[in-house]
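# Structural overview
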Amino acid sequence: MKNTTNVNPEDLNYHHHSARRYDAEIVDSIPFYNEIHKIIQNFISENFEVNKNYSILDLGVGTGFTSKIFLDLLPNSELDAVDFSRNMLKGAKKRLGKERVNFIFGDYSKLKFGKKYDIVVSVLGMHHQTNFGKKLVFKKIYSMLKPKGIFIFGDLVTHKNKHKAALNHALHLGSLVGHATNQKMLQEWAYHHLVLNDLAPVEDQLSWLKSFGFKAKLAFLKMNTALIICRK
């Protein structure tokens, strides 16, 4: 299969980040990280029944920050948590426990999933797929969702208008410079943003999602941070 993921886990320094350090740094390096999670929290509360058993898939679980919201708000649901970094999965296991969670090690763009889900979530991982890879994963997610299933997609994006793209990219980096707590952190995350990220215009991604059958709605967009809610 053609390689669609543009990085390896070691490129992202996941192997030497503790979960606590990563959680602290991502809030400082990703503008509006807390804001999009608040929207996700409200969306879950308003659209899902607390006592119902939902099947949930988190693509790129990281330290489990996003998945913890789902497990707390939907206490009878079960979750499959996927990541291609063993260190990130280690942190997620500590945060989420093992009672209602199945941890899967691997690159989600290559894995085959043998079940259907009510909810698929991907927050801040898809930008490490090439554009070709993003399309493949969007199509895969649509096929894995049950009828009327929900895909919650939060990620870093760019914009088709080059002037708008340049401005928001500068604002994003300016936020990183303003929030970095030390030079090492600034160097690592600047390299991450400037070299490792493979951002696609938010307009294109909305179009791709709709082309595969999703009803996709932009729930949040500021600078390079977007949240898209998709319904099958």
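This one's a predicted model, so the numbers in the text were calculated from it and none came from an experiment. (Residues numbered from 1 in each chain as written. Predicted model: local features only at pLDDT ≥ 70, side-chain atom pairs only at ≥ 80, totals over all residues. Heavy atoms only, no water.)

Here the focus is the nonpolar core. Counting residues in each nonpolar core, the largest one holds 39 residues, and the members touching the most others are Phe48, Phe70, Ile119 and Ile152. With 5 residues, helix H2 (residues 33-47) is the single largest residue contributor to this core. Aside from chain neighbours lying at most four places away, what touches Ile119 is Phe48, Tyr54, Ser55, Ile56, Leu57, Phe70, Leu74, Leu145, Ile150 and Ile152. (Core = buried A, V, L, I, M, F, W, Y, C linked by side-chain atoms within 4.5 Å. Buried < 20%, exposed > 50% of the residue type's maximum accessible area, 1.4 Å probe, protein only. Helix = DSSP H or I, 4+ residues; strand = E, 2+ residues; numbered from the N terminus. Contact = heavy atoms within 4.5 Å.)

This next bit is on helix H5 (residues 131-144). The terminal C-alpha atoms of H5, which comprises 14 residues, lie 20 Å apart, in line with the 20 Å expected from a rise of 1.5 Å per residue. Among the residues of H5, Gly133, Lys134, Val137, Phe138, Ile141 and Met144 are the ones counted as buried. Projected down its long axis, H5 shows its buried positions confined to an angular sector of 135 degrees, all on one face. Looking at the packing, one finds that the buried side of H5 touches strand E1 (55-59), strand E4 (117-123), strand E5 (145-156) and helix H8 (202-211). (Expected span 1.5 Å × (residues − 1). Arc of directions from axis to C-beta.)

The 7 strands lie next to each other as E3-E2-E1-E4-E5-E7-E6, forming an open sheet whose pairing is mixed. The outermost strands of the open sheet, each flanked by one partner alone, are strand E3 (101-105) and strand E6 (215-222). Ignoring strand direction, the axes of neighbouring strands in this sheet form an average angle of 15 degrees. Where E5 lies against strand E7 (residues 225-231), 7 bridges are found, and the strand directions are antiparallel. Opposite Leu156, over in E7, you have Thr225 as the bridge partner. Strands strand E2 (78-83) and E3 of the sheet are contacted by helix H4 (residues 86-96), whose axis makes an angle of about 175 degrees with E3. Sheet strands touched by H5: E1, E4 and E5. Its angle to E5, the strand with the most contacts, is close to 150 degrees. (Pairing = 2+ DSSP bridges. Axes fitted to C-alpha atoms, helices over the stretch in contact; angles between N-to-C directions.)

Positive phi is not limited to glycine here, since Leu124 has a value of about 60 degrees. Looking at the secondary structure, you find Leu124 in the loop between E4 and H5. The buried category is assigned to Leu124, whose relative accessible area is 12%. Backbone geometry places Lys148, a non-glycine residue, at a positive phi of 65 degrees.

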